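Architecture and fold: a report
Each chain, letter by letter, is given below.
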Amino acid sequence: MSKTSMAAAPNTQTDFLPLEGTDYVEFYVGNAKQAAHFYKTAFGFQSLAYAGPETGVKDRASYAIRQNKLTFVLTTPLRAGNPIADHIYKHGDGVKVLALRVQDAAKAWEETTKRGGKSYMEPTRFNDEHGEVVLSGIHTYGETVHLFVERKNYTGAFMPGFKEWKTVYNPASTGLQYVDHCVGNVGWNQMNKWVSFYEEVLGFRNILSFDDNDISTEYSALMSKVMSNGNGFVKFPINEPAEGKKKSQVEEYLEYYDGEGCQHVALATNDIVETVTTLRDRGVEFLKVPSTYYDDLLDRVGHIDEDLEPLKELGILVDRDDEGYLLQIFTRPVEDRPTLFFEIIQRKGAKSFGKGNFKALFEAIEREQELRGNL
Ligand code: FE2
């Protein structure tokens, strides 16, 4: 019997932290120039803005790239012995900042820090000839942070400190649209602490829960709770490992990331077959489920608009809930450590996260863990 539960969305009238969505995701990486090239070439981002010594930023180089409403920032340190270099030494490439768009960054900081959020950056104004951006921030799990970004008085390419980055090389979009959700992996017995953090400090609500009866294969087990802000624009599922016969995929992540951090970022598309075909042709590697997954798929999920054959060929998964269905697929880790990966998701009414696919998916992950000798 499933213990999955779904709660109503919170009341936006009393939302003390109104969020307009994800502003950007910043990755600390060993080589930002090459990472930017990878995300442009493989994922279809375009050059947007650059910051570095040439723009007066002495300790780092950052490349902002964009595709529709998705903005990534790839940042690398220029020397050893600073927090960015230390972050990469410890964690490898990974997500540092999940930046959230707000109307008032000072108020966002006041409301969250007075509720117990640990300050990462006091409200700070940044100006250039294009106007003003106000940033503030708080810490979340591991060394990950949330920045609050107020850019209503800014007309430049990205933000002060950056200059517009124009390149002749701008590969076509792959149809990726926006961040659907970002998942955090936390340590043993830490999930409820972070659920409380999102509830109390940011005013989120727990809209879905999965326990180890839902998410357990022969070997791998985890528990997960999905946190959503008031308007549902920002969703942060939190995973915790659970006891299984062998090492859980979340444990493997925690070991190789050397701590808690962002496990995957889910990117939305309006045409998953087209997007995944293009991503695959450009070299993005995806997890594969056995072809038997498709044998009784339509019995499980009912009618879908898509032809089965391309889904099967690409390895796209389908799940249905009370409100509709969704299509999803997961990349393999995008660095050599088995840490961060991406999900590509197309929602057709469904607001859930593909619970019906967990077993097939985790078995696919375990096959890869086995190859790494980590099962
Ligand atoms: Fe996901």
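These numbers come from a predicted model, not from an experiment.

1. Here's the deal with the packing of aromatic side chains
Summed over the entire model, instances satisfying the criterion amount to 27 aromatic pairs. Here the aromatic rings of F38 and Y39 are separated by 5.1 Å at their centres, their planes lie at 75°, and the arrangement is edge-to-face. Judged by relative accessible area, F38 falls into the partly exposed class, the value being 33%. For Y39, a relative accessible area of 5% gives the class buried. One aromatic cluster is present, formed by F27, F38, Y39, F43, F45, F72 and F342 through successive ring pairs. A cation over an aromatic ring shows up here: K40 above the ring of W165, its NZ or CZ 4.8 Å from the ring centre.

2. Notes on the nonpolar core
Within the largest apolar cluster, 90 residues are counted, with the highest numbers of intra-cluster contacts made by F27 and F72. Here this core takes 6 residues from helix α1 (residues 32-43), the largest share from any one element. Inspection of this core shows a minimum of three residues originating in each of domain 1 (22-164) and domain 2 (176-372). The contact partners of F72, leaving out residues within four places of it in the chain, are V25, F27, Y39, F45, Y63, A64, I65, L267 and F342.

3. Side note on the sheet that holds strand β6 (residues 94-101)
Strand pairing in a sheet takes place through backbone hydrogen bonds and is either antiparallel or parallel in direction. Strand order in this open sheet of 9 strands is β7-β8-β9-β6-β2-β5-β4-β3-β10, and the pairing throughout is mixed. Strands at the two margins of the open sheet, each flanked by one partner only, are β7 (119-128) and β10 (163-164). Of the pairings in the sheet, the one linking strand β2 (residues 22-28) to strand β5 (residues 70-77) comprises 4 bridges and is parallel in character. Of the residues in β5, the one forming a bridge with Y28 is T75. The strands that helix α2 (residues 83-91) touches are β2, β4 (60-67), β5 and β6; relative to β5, the one it contacts most, it runs at about 100°.

4. A closer look at the domain arrangement of the chain
If you check the domain split of the chain, you get domain 1 (22-164) and domain 2 (176-372). Relative placement of domain 1 and domain 2: their C-alpha centres are 25 Å apart. Facing 39 residues of domain 1, the contacting portion of domain 2 comprises 34 residues. Between domain 1 and domain 2, a total of about 2900 Å² is buried, with carbon and sulfur atoms accounting for 65% of that surface. In this assembly, domain 1 and domain 2 are joined by 1 salt bridge. Among the salt bridges present, the one from K90 reaches D258, with a minimum N-O distance of 3.3 Å. Our enumeration of links across domain 1 and domain 2 arrives at 13 residue pairs in polar contact (both at pLDDT 80 or more).

5. Structural notes on the pairing of strand β14 (residues 235-241)
Every regular strand shows the same layout, with side chains that alternate between the two sheet faces. Of all 7 residues making up β14, 7 are buried, and the element is well covered by its neighbours. Burial of β14 is two-sided: the residues K235, P237, N239 and P241 facing one way and the residues F236, I238 and E240 facing the other way are all buried. Sheet topology note: the strand β11 (residues 176-185)/β14 ladder contains 2 bridges and is parallel. Bridge pairing in β14 links G184 to I238. Where strand β13 (residues 222-228) meets β14, 7 bridges bridge the pair, whose relative direction is antiparallel. When the sheet's bridge partners are listed, K225 is paired in β14 with I238. Hairpin connection of β13 to β14: 6 residues between the antiparallel strands, including G232 at a positive phi of 80°.

6. Here's the deal with the coordination of the iron ion
Of the protein atoms, only H181 (NE2), H264 (NE2) and E343 (OE) coordinate the iron ion, at distances of 2.0 to 2.2 Å. One chain supplies every donor to the iron ion, and in sequence these donors are spaced H-x82-H-x78-E. Taken together, the positions of H181 in strand β11 and E343 in strand β18 (residues 341-348) put the pair 162 residues apart, joining distant regions of the chain. The exposure classification of H181 matches that of E343, with both residues buried.

7. What to know about the UniProt feature "binding site: Fe cation" (unreviewed entry) in the chain
Sequence positions flagged by UniProt for "binding site: Fe cation" (unreviewed entry) are, in local numbering, H181, H264 and E343. For the annotated residues, spread through 163 residues, the largest C-alpha to C-alpha distance comes to 9.2 Å, consistent with a single compact locus. Residues contacting H264, with those up to four places away along its chain left out, are H181, C182, V183, F330, L340, F341, F342 and E343. Assessed through its relative accessible area of 2%, E343 is described here as buried. Not counting residues up to four positions away in its chain, the partners in contact with E343 are H181, H264, V265, A266, L267, Q328, I329 and F330.

How each quantity is defined
Residues numbered from 1 in each chain as written. Predicted model: local features only at pLDDT ≥ 70, side-chain atom pairs only at ≥ 80, totals over all residues. Heavy atoms only, no water. Phe/Tyr/Trp six-rings, centres within 6.5 Å; stacked < 30°, edge-to-face > 60°. Buried < 20%, exposed > 50% of the residue type's maximum accessible area, 1.4 Å probe, protein only. Lys NZ or Arg CZ within 6 Å of the ring centre and 35° of its normal. Core = buried A, V, L, I, M, F, W, Y, C linked by side-chain atoms within 4.5 Å. Helix = DSSP H or I, 4+ residues; strand = E, 2+ residues; numbered from the N terminus. Domains from an automatic or database assignment. Contact = heavy atoms within 4.5 Å. Pairing = 2+ DSSP bridges. Axes fitted to C-alpha atoms, helices over the stretch in contact; angles between N-to-C directions. Buried area = accessible area lost by both parts, 1.4 Å probe. Salt bridge = Lys/Arg side-chain N within 4 Å of Asp/Glu carboxyl O. Polar contact = N/O pair within 3.5 Å; in protein donor to acceptor, adjacent residues only side chain to side chain. Donors = N, O, S within 2.8 Å, 3.2 Å for Na, K, Ca; no water. UniProt positions renumbered as here; feature names shortened; annotations may be inferred.

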